[in-house]
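Chain by chain, the residues run as shown.
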Amino acid sequence: MNNLNGLYIVTEWDFDKELVEMVLPGEYRDKVKVMSAGGYSSALSLARSILSARHQANTILVVDADFNDPKDVEEREDFIRAYMHRSTTDDRFAILMQRPEIEAVFFEDKGALENLTGRTFTDLEFQLAKDNPKQNLLNFLSLPQEDKGQLLDKARANEDIEAELKASSLSNTLSEAIRRFLN
């Protein structure tokens, strides 16, 4: 695919890139280029470079909010827009802020999380775990940070979990943003 002037999705990390590719609806796979930048600052820089260098390119930036408080999330989004020199009505750029982290997608359905981890959670445990999804997933699966890719392997190996992820808010929000750029 020649995507020189197409649609780019920029993520912070390789795990985020793989997760976005996993939940990306099939009809868009050949129409977008998903790129991992290697961190928050690098993702902002890469997205800004794409928008500056490729005048016809559209960019969706997928980053962790790193906060739960809506005010903090809004401030982070305002900072990103200012850094990118983009307005909220920019027709070439979108921010998909994942609150508090992209791993929150695994906490949308209690049954799917239990299926993935092989554990049963009380409603309170499930609600509390949502505050720090990345660390809690690693703890639940006894995985070190550097082996986080195993989480996606485990999700891909289970059709029910993969279906839950494809029906997630991340997938739906991503689809809406892509449709906006491709129509």
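Overview of the structure. Sequence order as written defines the numbering, with residues in each chain counted from 1. Totals for whole chains, interfaces and linings use all residues, but because this is a predicted model, local features are given only for residues with pLDDT of at least 70 and pairs of side-chain atoms are given and counted only at 80 or more. Heavy atoms from the whole structure form the basis of all side-chain values; hydrogens and water molecules are not counted.

Between side chains of opposite charge, a pair can form as their charged atoms come close. By definition, a salt bridge exists where a carboxyl oxygen of Asp or Glu is found within 4 Å of a side-chain nitrogen of Lys or Arg. A full pass over the atoms with the stated rule returns 9 salt bridges. Here glutamate 77 makes a salt bridge to arginine 81, at a shortest N to O gap of 3.5 Å. Here the residue glutamate 77 and the residue arginine 81 both occupy positions in helix H3 (residues 70–84), the gap between them amounting to 4 residues, near one helical turn. Since its relative accessible area comes to 11%, arginine 81 is described here as buried. For glutamate 103, the salt bridge is made with lysine 148, and the minimal N-O distance between the two is 2.7 Å. Here glutamate 103 is found in the loop between strand E4 (93–98) and helix H4 (110–117), whereas its partner lysine 148 is found in the loop between helix H6 (133–140) and helix H7 (149–156), with 45 residues between them in sequence. Each residue gets one of three labels from its accessible area relative to the maximum for its type: buried under 20%, exposed over 50%, partly exposed in between, using a 1.4 Å probe on protein chains only. Overall, glutamate 103 belongs to the buried group, its relative accessible area being 1%. The buried category is assigned to lysine 148, whose relative accessible area is 7%. A cluster of three or more residues bridged by salt bridges with shared partners is formed by Glu18, Asp153 and Arg156. Helix and strand definitions here come from DSSP, where helices need a minimum of 4 consecutive H or I residues and strands a minimum of 2 consecutive E residues; each element is numbered from the N-terminal end.

What follows covers the packing of aromatic side chains. Here a pair means two rings of Phe, Tyr or Trp (six-membered ring of Trp) with centres within 6.5 Å. Their orientation is stacked below 30 degrees between planes, edge-to-face above 60, and tilted elsewhere. As enumerated under the stated definition, the model contains 3 aromatic pairs in all. Their ring planes at 25 degrees and their centres at 6.4 Å tell us that phenylalanine 79 and tyrosine 83 sit as a pair that is stacked. In this pair, phenylalanine 79 and tyrosine 83 both sit in helix H3, 4 residues apart, roughly one turn of the helix. Residue classification places tyrosine 83 among the partly exposed positions, given a relative accessible area of 27%. Consider the rings of phenylalanine 121 and phenylalanine 140, whose centres lie 4.7 Å apart with planes at 50 degrees: the pair is tilted. Residue phenylalanine 121 is found in the loop between H4 and helix H5 (123–129), and its partner phenylalanine 140 is found in helix H6; the two are separated by 19 residues along the sequence. The criterion for a charge sitting over a ring is simple: Lys NZ or Arg CZ within 6 Å of the ring centre, and within 35 degrees of the ring normal. Over the ring of tyrosine 83 we find arginine 48; its NZ or CZ atom is 4.6 Å from the centre of that ring.

Moving on, we get to the environment of methionine 35. As for its position among the elements, methionine 35 is in strand E2 (residues 32–36). In sequence terms methionine 35 and aspartate 153 are 118 residues apart; their C-alpha atoms lie 19 Å from each other. We call two residues contacting when some pair of their heavy atoms lies within 4.5 Å. In contact with methionine 35, other than residues within four places in its own chain, are Tyr8, Ile9, Val10, Thr11, Lys17, Leu46 and Ile50.

Within the secondary structure, glutamate 114 sits in helix H4. Comment: no salt bridge for buried glutamate 114; closest opposite-charge side chain is lysine 110, at 4.3 Å. The residues contacting glutamate 114, other than those within four sequence positions of it, are Arg119, Thr120 and Phe121. A positive count includes Lys and Arg, and a negative count includes Asp and Glu. His and the chain ends are not counted in either.

Before going further, it helps to examine the sheet that holds strand E3 (residues 58–64). Taken together, 4 strands build an open sheet; the order of strands is E2-E1-E3-E4 and the sheet is parallel. Since the sheet does not close on itself, it has two edges, and those belong to E2 and E4, each with one partner. Strand-to-strand twist in this sheet, taken as the mean axis angle between neighbours without regard to direction, amounts to 20 degrees. Of the strand pairs in this sheet, strand E1 (residues 7–11) and E2 are connected by 5 bridges, and their pairing is parallel. Two strands qualify as a pair provided DSSP detects at least 2 bridges between them. Where helices are involved, their axes are fitted lines through C-alpha atoms of the stretch in contact, as for all axes, and angles between N-to-C directions lie from 0 to 180°.

We now examine H3. It helps to recall that an α-helix has 3.6 residues per turn; residues three or four apart then point in one direction. Multiplying 1.5 Å by the helix residue count minus one yields the expected span of that helix. End to end, H3 covers 21 Å across 15 residues, agreeing with the expected 21 Å (1.5 Å per residue, within 8%). Among the residues making up H3, those that are buried are Val73, Arg76, Ile80, Arg81 and Met84. The buried residues of H3 all sit within an arc of 135 degrees when viewed along its axis, so they share a single face. Away from the buried face of H3 by more than 90 degrees, exposed residues Lys71, Glu74 and Ala82 are located. Contacts made by the buried residues of H3 are with helix H2 (40–53), E3 and E4. Whenever two N or O atoms come within 3.5 Å, that pair is a polar contact, provided that in protein one can donate a hydrogen and the other can accept it, and provided that, for residues adjacent in sequence, both atoms are side-chain atoms. A side-chain oxygen of the first residue of H3 lies 2.7 Å from the backbone nitrogen of lysine 71; this N-cap is aspartate 69. Downstream of H3 by one or two residues, histidine 85 has phi in the positive range, about 60 degrees. It is the directions from the helix axis to the C-beta atoms that the arc portrays.

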